[in-house]
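Structure at a glance
For reference, the chains in residue letters:
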Amino acid sequence: MQKEGERLIPINIVDEMKSSYIDYSMSVIVSRALPDVRDGLKPVHRRVLYGMYGLGVFSNRKYLKSARIVGDVLGKYHPHGDSSVYDAMVRMAQDWSLRYPQVDGQGNFGSMDGDPPAAMRYTEARLKKISDEVLSDLDKETVDFQNNFDDSLQEPTVMPTKVPNLLVNGTSGIAVGMATNMAPHNLSESVDAICAYIDNKEITIDELMQHIIAPDFPTGGIIYGYDGVRDAFHTGRGRVVLRAKVNFDEIGNRNAIIVTEIPYQVNKAEMIARTAELVKDEKIPGIHEIRDESDRKGLRVVYELKNDAIPNVVLNLLYKYTALQTSFSVNNIALVHGRPEQLNLKDIIHHFVEHRHEVIVRRTQYELKKAKERAHILEGFMKVIGTQDSLDRAISIIRHSANPQAAKEGLIEAFELSDIQAQAILDLRLARLTGMELDKIRDEYDAIMKEIANLEDILANEPRRFQIIKEELIEIKEKYGDERRTEIDYSGGEMSIEDIIPNESVVLTISHAGYIKRTSLSEYKIQSRGGVGNKAATTRDSDFLEYIVSATNHQYMLFFTEKGRCYWLRVFEIPEGSKTAKGRAVQNLINIEPDDKIKAYIRTNNLKDSEYVNQMSVVMVTKNGTIKKTSLEAYSRPRVNGVNAIEIRDNDQLLGAYLTNGESQIMIATKNGKCIRFPEEKVREVGRGSIGVRGILLEEGDEAIGMIVVNDVENETVLVVSEKGYGKRTAVEDYRITNRGGKGVITLNITEKTGNLIAIQNVRDEDGLMIINKSGVAIRMGMDEMRVMGRNTQGVKLINLKKNDEIAAIAKVEMDKDVEEDSEELEETEEGVVGSLFDNQENDNVTPQAENENSAEENENSDSEE
């Protein structure tokens, strides 16, 4: 009912709802949920930092009760619930929530298991050292201030941060009709990217990505695939897949999956509980027990497996069904001049640099103003107390004045001073009137004038201002920069990664027990033939390195097992290890069966190139002399669980697999020193399911030891090596061409001194050779040191073997011109290239022979062909 004097205004409810909702939504967007692009802070975080700044709880002061800080922020700047302020402050102190925490908390501030923090009356806090850089120069009129909620105080609208906070700490928030979810990044990488932008404002996002590679989460983990990262950097939106960091170990007689880092924002306790439910429901078979062994030293979750479980299979199920694999949906929305905008990487960097430039200008203007004010006062000092006469005159004026105002007016009139200068004279202590103090005033004035000239130069010189921004950023990097925590597994994505991973030469080593790693070729030094060699990969007890192959990062590796299956890995997917590292078990990289073993490998180029895969063939040879040829196209579609490559019969095993181009020649060697040569065309191409045909006819007790594919008869030579260290190069033409399936001819004169033949390889003068023996010693030598000799000879000694040691493998490697040549004889074995037989074995000091044995007598008379 309308009361007297009231007036009713009819309104449209739709218009009113629309207007009110827009006001509300804009309030949430601007004043609550979205960060400012300049300092990366939401209002509540900015107010927490400013409240702590006002209370003086800096990193070098004592801790203050959280309740005191929250109360101050609440009463002065943030008129909302106390939990909103305390929860924000708690998150700013959690090193698993922020990549670079801004609050130093003392007490219980929660845990990765989702445990709540203690009540604010129990905890204490102060600012982190890095927060001092966020607040730096706040008192120098570098940013605008605004009234607080009741207009009683002023608060900053933005922080003058030296730290690119939006990039390095990210943020998340849900507004009305929009949300933001920005990933954290590494500070060192971010500074490098910003400096690159300052040097070249036209820099592309791809060029920036060479500096800031990907997000870097506080909990570490692995970014699986690069597509989402690329999308996020280019468009501001992208889905980044995160995986836990795991390794495999043996606990007792069981295999175990050990998790040492989990994806960002995953609740560890909930993840373990959910996994236990899945194990109970038999969604994830193969897990015997789950234990959380995390402590203050770090995170450790153990998944102990059943005896028949395959670790890689169980791990893939954990990735599929549990939070060991999650995704982080990047949505870079921040406030730019008070309006929400979607930002790519370059936009974020651009706005930060513009903000820093404005801060530098305003700070310099403030410092210039203060310097000029001080210079003005010093000029007054020097007018009045510069000489004894003027000083006496000033003292006389002051003494005879009735009051301070009269004294000030007298000084102004007598010395032509300003009001400020006269007041400063009156405020001088008598001690400043001595001669020594006058000299100090003059020195101070000279220094101030230099400072004024410097500040004016900064304001007039834009390149210098940007140089200051760079210098301050580099100082921040030196103080707070650290190593990247989150690794990147590029194999998870579909994008071409050739631009990201350098196509450098590497050496792949595979041990007898199936441990594999890749090492840069430049880590291996060149030695002369007959040297003792260097120590290389440390292997497990009674294990030794069996295969060595040179490759480049962009190539594919096809692995063939003794059961006749084929698996795929790109070279860069193989974990990198130092020369002394053991490497990773192949079973952990591919889904090979527990009782299977890799027996052969080939390296190929891009399997997606249809012309290439149809032109090339895969030729396999077995111990019993069987040979099989299949188009590479049959192996061009990688499958997680591999494919059948060849049927292996009883008492036989796969020896090798090779790429051919249709016009190659094939040579197969045997243990007893025989070798056959025939054209590839003599072997017809069959499907993957076929068995193959006879390659060489073996005598009783003999077996094939290897095969080579010859493509250049004139320039390639045949290298054969025996188990006791003898080897020989022979021209390919010394072996006559025969039909497939013959007995072959003698390739090395086998004696008790040489031992059986163990390897055959085709080499050129420019090739290098890596020889490795069962005790783990390796030697790398150039083929140009070995002369070509007759076919039926004993050869020359390639490596000095100790005691009952034998050669385990040889491999052809490219000679790298950048590798330091070390042809001098070694006084002691160097620690480095290939492994000791036992983990705890000490390095023996070995003195090589001064001269290696020369080639044995050539037995040309025994060069009979069978």
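With an unreviewed UniProt entry as reference, the protein chain is termed DNA gyrase subunit A, source organism Chryseobacterium metallicongregator. Turning to the protein chain, the UniProt record has this under Sequence similarities (unreviewed entry): "Belongs to the type II topoisomerase GyrA/ParC subunit family." We quote the UniProt Catalytic activity (unreviewed entry) comment for the protein chain here in full: "ATP-dependent breakage, passage and rejoining of double-stranded DNA."

Brief notes about the sheet that holds strand S34 (residues 717–722)
One key point about sheets: their strands pair by backbone hydrogen bonds, in either a parallel or an antiparallel sense. A sheet is described by the order of its strands in space; here 4 strands give the open sequence S37-S34-S35-S40, paired in antiparallel fashion. On the outer flanks of this sheet lie strand S37 (757–763) and strand S40 (796–797), each paired with one strand and no other. In the sheet, S34 pairs with S37 via 6 bridges, with the strands oriented antiparallel. Looking at S37, one finds that Ser-722 is bridged to Leu-757.

What about the pattern of salt bridges?
Applying the stated criterion across every chain yields a total of 44 salt bridges. With a closest N to O distance of 3.0 Å, Glu-155 and Arg-47 form a salt bridge. Of this pair, Glu-155 sits in strand S5 (residues 154–156) while Arg-47 sits in helix H2 (residues 43–55), and the two are 108 residues apart along the sequence. Classification of Glu-155 by relative accessible area gives buried; the value is 5%. A residue is classified by how much of its surface remains accessible, and Arg-47, at 15% relative accessible area, is buried. One salt bridge connects Arg-374 with Glu-444, and the closest N-O pair in it is separated by 2.7 Å. Note that Arg-374 is positioned in helix H12 (residues 345–385) and Glu-444 in helix H16 (residues 435–460), a separation of 70 residues in sequence. In this structure Arg-374 comes out as partly exposed when scored by relative accessible area, which is 27%.

Brief notes about the environment of Arg-393
In this fold, Arg-393 is placed in helix H13 (residues 388–399). With relative accessibility at 45%, the residue Arg-393 sits in the partly exposed group. Here the alpha-carbon distance between Arg-393 and Phe-415, two residues 22 residues apart in the chain, equals 9.8 Å.

Looking at helix H3 (residues 66–76)
One turn of an α-helix holds 3.6 residues; hence residues three or four places apart share an orientation. Turning to H3, its buried residues are Ser-66, Ile-69, Val-70, Asp-72 and Val-73. Along the axis of H3, the buried residues cluster in a sector spanning 160 degrees; they form a single face. Of the surrounding secondary structure, the elements contacted by the buried residues of H3 are H2, strand S1 (64–65), helix H4 (82–93) and strand S3 (124–127).

Things to note about the packing of aromatic side chains
Tallied over the full model, the rule gives 10 aromatic pairs. Between Tyr-53 and Phe-58, the ring centres sit 5.8 Å apart and the planes meet at 85 degrees, which makes this aromatic pair edge-to-face. What links up through ring pairs into an aromatic cluster is the set Tyr-50, Tyr-53, Phe-58, Tyr-77 and Phe-145. Its end group placed over the ring of Tyr-224, Arg-243 keeps NZ or CZ at 3.6 Å from the ring centre. Its guanidinium or amino end placed over the ring of Phe-415, Arg-393 lies 5.2 Å from that ring's centre, counting from NZ or CZ.

So, the nonpolar core
Among soluble globular proteins, nonpolar side chains are generally buried collectively. Formed by 106 residues in total, the largest nonpolar core has its most connected members in Ile-349 and Phe-381. Of all the elements, H12 adds the most residues to this core, at 14 residues. If we skip the residues at most four places from it in the chain, Ile-349 touches Leu-167, Ala-193, Ile-194, Tyr-197 and Leu-208. One finds Met-271, Leu-278, Val-301 and Tyr-319 within the second-largest nonpolar core, a separate group that totals 22 residues.

Some details on helix H1 (residues 13–33)
In this model, H1 (21 residues) spans 28 Å end to end at C-alpha, consistent with the 30 Å of a helix rising 1.5 Å per residue. When we look at burial in H1, the residues that qualify are Ser-25, Val-28, Ile-29 and Ala-33. Turning to H1, the residues buried within the fold contact strand S6 (171–174), strand S7 (179–182), strand S15 (333–336) and strand S16 (339–342). The backbone nitrogen of Val-14 has a side-chain oxygen 2.8 Å away, supplied by the residue at the start of H1, namely Asn-12.

As for the side chain of Thr-626
Locating Thr-626 in the fold gives a position in strand S27 (residues 626–631). Each residue touching Thr-626, except ones within four places of it in the same chain, is listed here: Met-620, Val-621, Asp-652, Ile-691, Gly-692, Val-693, Arg-694 and Gly-695.

Rules of the game
Residues numbered from 1 in each chain as written. Predicted model: local features only at pLDDT ≥ 70, side-chain atom pairs only at ≥ 80, totals over all residues. Heavy atoms only, no water. UniProt positions renumbered as here; feature names shortened; annotations may be inferred. Pairing = 2+ DSSP bridges. Helix = DSSP H or I, 4+ residues; strand = E, 2+ residues; numbered from the N terminus. Salt bridge = Lys/Arg side-chain N within 4 Å of Asp/Glu carboxyl O. Buried < 20%, exposed > 50% of the residue type's maximum accessible area, 1.4 Å probe, protein only. Arc of directions from axis to C-beta. Contact = heavy atoms within 4.5 Å. Phe/Tyr/Trp six-rings, centres within 6.5 Å; stacked < 30°, edge-to-face > 60°. Lys NZ or Arg CZ within 6 Å of the ring centre and 35° of its normal. Core = buried A, V, L, I, M, F, W, Y, C linked by side-chain atoms within 4.5 Å. Expected span 1.5 Å × (residues − 1). Polar contact = N/O pair within 3.5 Å; in protein donor to acceptor, adjacent residues only side chain to side chain.

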